[in-house]
Amino acid sequence: MRQHAQLKRQPAVWGTAASRTSGIFCNDMKIRLAKYRQAAGRHAADIAVFGSAVLVIVLLTICAMVLLDSRRDAMQSAEAVSRDLATVAERDIQRNLQIIDLSLTAMVSGAEDSDVMRLPPKRRNAILFDQALTAKYVGEVLILDADGNVTADSGHLLPRIQNYADRDYFRVQRANPDMGLVISRPVVSRLTHNNSQFVALSRRINRADGSFGGIALITLNVDYFRNLFADLDIGPHGAVALFDKDGATILRLPLRDGLSPVTSGANFGWLASSEAGAFVGRSSSDGEMRLFVHNKIEPFSLVLVIATAERDIYAAWHRRAVAMGGAIVLLAVGYLLLAQLLASELKRRAKVEAELRTLSHVDALTTLANRRHFDEVLETEWNRALREKSRLSVLFVDVDYFKQFNDRYGHERGDNALRSVALALKQSVKRPADLVARYGGEEFALVLPDTDAAGALAIAHRVLTSVEALQIFNEASEHKVVSVSIGTATTGGDREHSSPTALLTAADAALYRAKRNGRNRIESMKHARLSSVA
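All values derive from a computational prediction rather than experimental measurement. (Residues numbered from 1 in each chain as written. Predicted model: local features only at pLDDT ≥ 70, side-chain atom pairs only at ≥ 80, totals over all residues. Heavy atoms only, no water.)

A few words on the sheet that holds strand E11 (residues 302-309). If you trace the five strands from one edge of the open sheet to the other, you get E8-E7-E11-E10-E9, paired in antiparallel fashion. Every other strand in the sheet has two partners, leaving strand E8 (249-253) and strand E9 (276-282) as the edge strands with one partner each. Neighbouring strand axes in the sheet, compared pairwise and without regard to direction, differ in orientation by 15° on average. Here six bridges tie strand E7 (residues 239-244) to E11, and the two strands are oriented antiparallel to one another. When the sheet's bridge partners are listed, Ala-239 is paired in E11 with Ala-307. (Pairing = 2+ DSSP bridges. Helix = DSSP H or I, 4+ residues; strand = E, 2+ residues; numbered from the N terminus. Axes fitted to C-alpha atoms, helices over the stretch in contact; angles between N-to-C directions.)

As structure tokens, this is what we get:
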């Protein structure tokens, strides 16, 4: 029976719970650090994407606020311009109507004087009719009697024959002694043949007894208002309207069929409620959203409305918004794409770095810890054992006759055999703090913290049995299967002048004895007291 089968297996001394936890932490530190760095790389990538998204949101918010401010500025600017236009038009209309009204007052005064009316026509007309009434847009200037017939005509010494008794303004003046100035809706002149439209301005003439004696009449060509409004810059979809206090439309541009009273619209209440003002509403005539700016023309009780379409007000703003918004959106999308690419690159680099860190501590063939990681863990566990005055064991494992195995069966089968042996070694240890490493070639090494000599020997037997149980055929071995030789060494007693290298040297020496004494066996060196360089 082989020597290793006769050895008594003894349990390992695991040490205190605190020592065991410390050992696990030390050996597992680098793996956790590698995982932490990989997680940190992913976290940095996520932060980059999140930060970029926040920056893009802030940028878009600022852009939206700027565009909204610009939109409000466009509306305020349009309102200011419309107010200026309304004021200019209002003053022009007011001045001309005042001139006409003064002339009408003079005509009424002369018509009510019987001496003036008995004068010869030429002299009478010179007194009744002011030369100012020959202005460009003034039409008919007439004195009508109580029956509506023309009794005095500024353009003819012999009055033209025409009757106006059916006109609304004539009936209103006849029925109401205190009407004062009446401004009619546009009417077609009966004394011309070009179908021109005129607005009639009239005042009542009273006889000496106060009864109705006729009216003084001056007509103003609608072209005056049309040309005045046409000069106002109200945009291609804007509108201008002039109406009286009752909502009767005098003129509206653009022209439409019929002149329905504005009282039928929802905006009339706004227009009639104040002397001047501005509001945004939907036009009752065409459904267009407009900015309505209105002024009252006093004392004539007329309302002038300038209505600028919202689409005209925002046309320039809309072009700027599309250009700016499009540029910002493209910039934001490009920035997010770059951020995503950067995040992907950060994650890839973190993953590669983590893999490289892992590979720097892992043997590529067996996936065990490599020589570098073994040396680091041994140094760490040695220092911990010194601090805590605990035991530390090392196992050196060498595959027997491996060179002959490679020469006979080839390197591929040799690599497979090493992988199988590595797996058997890894399964032979149970604690996370224990480390199994490939030391080089066919050599393996184990670091066993908090393990005395008996515990190290028990694990060595487990390794020996596990490898033999693989039953990998090896004709070069006298045992006909792949086997291993193991050397163990354990710290103990006064280790003041000892070192990790000394402990490893002791295990290597024990391994050498095992190979010299026949292989497939275990040799141990208890209580290593070797003086060497710390």
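Right, picking up where we left off after that structure.
Here E9 shows a buried face lined by Gly-277, Phe-279 and Gly-281 and an unburied face lined by Ala-276, Ala-278, Val-280 and Arg-282. Relative to strand E10 (residues 289-297), E9 runs antiparallel, the two being bridged by seven bridges. When the bridges of E10 are listed, Gly-277 appears paired with His-294. Hairpin geometry of E9 and E10 is characterised by an intervening segment of six residues between the two adjacent antiparallel strands and by a positive phi of about 75° at Gly-287. (Buried < 20%, exposed > 50% of the residue type's maximum accessible area, 1.4 Å probe, protein only.)

Summed over all chains, the structure comprises 24 salt bridges. Glu-523 is paired through a salt bridge with Arg-513; the nearest N and O atoms lie 3.9 Å apart. Taken together, the residues Glu-523 in strand E16 (residues 522-528) and Arg-513 in helix H14 (residues 500-516) connect sequence positions ten residues apart. The structure contains a network of salt bridges with shared partners spanning Glu-381, Arg-384, Glu-388 and Asp-450. (Salt bridge = Lys/Arg side-chain N within 4 Å of Asp/Glu carboxyl O.)

Moving residue by residue along a regular strand, the side chains alternate between the two faces of the sheet. The buried fraction of strand E6 (residues 212-221) is high, at ten of ten residues. Bridge analysis of strand E1 (residues 138-144) against E6 gives five bridges, and the strand direction is antiparallel. Looking across to E6, one finds that Val-141 is bridged to Ile-218. Looking at chain direction, strand E5 (residues 197-206) and E6 are connected through nine bridges and run antiparallel. Within E6, the position partnered with Arg-203 by the bridge is Ala-216. As consecutive antiparallel partners, E5 and E6 are separated by five residues, and within that stretch Gly-210 has a phi angle of approximately 90°, a positive value.

In this section: the packing of aromatic side chains. Enumeration according to the criterion identifies ten aromatic pairs in this entry. Ring centres of Tyr-314 and Trp-317 lie 6.0 Å apart, and the angle between their planes is 65°; this geometry places the pair in the edge-to-face category. With centroids separated by 6.2 Å and ring planes inclined at 15°, the aromatic side chains of Phe-402 and Phe-405 adopt a geometry described as stacked. Note that Phe-402 and Phe-405 are positioned in helix H11 (residues 402-409) at a spacing of three residues, about one turn of the helix. Counting every residue linked through ring pairs, the aromatic cluster contains Tyr-137, Tyr-224, Phe-225 and Phe-229. (Phe/Tyr/Trp six-rings, centres within 6.5 Å; stacked < 30°, edge-to-face > 60°.)

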